[in-house]
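# Report on the structure
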Amino acid sequence: RLTATEYALLALLVRNAGRVLTHRYILEEVWGHAYAEETQYSRVYVGQLRKKLEDDPANPKLITTESGIGYRLVEGH
C-alpha cells in the first residue's frame, strides 16, 4: 500500500518514465513551490517507494538516482 504522497510521486515518475526528473521538479510537482528547496522530502519518499517496490532497495533497478540531479524511473519495468 502507498500513502497519497507516495502515490503522487510514483505517478509523476511513471508519467515521465525514462526521463531524469530533478529534485526541484519533483518537489514542485508533488509538494508545491514552497518546498522546491527541500530535497530531503524527495530523498525520503523515494527511499520509501524503493522499500515497497524494489527487490533490493539498497541496489535499486526501478528508481535510479542521477547523482546531484534527481531520479529516473527506468522504462520497461
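Just so it is clear, the structure is predicted and the values come from calculations on it, not from any experiment.

About the criteria used
Every residue gets a number counted from 1 within its own chain, in the order that chain's sequence is written. The predicted nature of this model means local features are confined to residues of pLDDT at least 70 and side-chain atom pairs, given and counted, to a pLDDT of 80 or more, with totals for whole chains, interfaces and linings taken over all residues. Side-chain metrics rest on all non-hydrogen atoms present in the structure, leaving aside hydrogens and water. Here the rule is simple: two strands pair whenever DSSP picks up at least two bridges between them. Every helix listed is a DSSP run of H or I at least four residues long, and every strand listed is a run of E at least two residues long, numbered separately from the N terminus. Note on geometry: axes are lines fitted to C-alpha atoms, helical ones only across the stretch in contact, with angles between N-to-C directions running from 0 to 180 degrees. Residue contacts follow a heavy-atom distance rule, with two residues in contact if any of their heavy atoms lie within 4.5 Å.

### Details of the sheet that holds strand β2 (residues 63-66)
Taken in spatial order, the three strands of this open sheet run β1-β3-β2, and their pairing is antiparallel. On the outer flanks of this sheet lie β1 (20-22) and β2, each paired with one strand and no other. Each neighbouring strand pair of the sheet contributes to a mean axis angle of 30 degrees, computed without reference to strand direction. Pairing geometry for β2 and strand β3 (residues 70-73), over four bridges, is antiparallel. In the sheet register, T65 faces β3, and the bridge partner there is Y71. With respect to the sheet, helix α3 (residues 39-53) is in contact with β2 and β3, its orientation differing from that of β2 by roughly 150 degrees.

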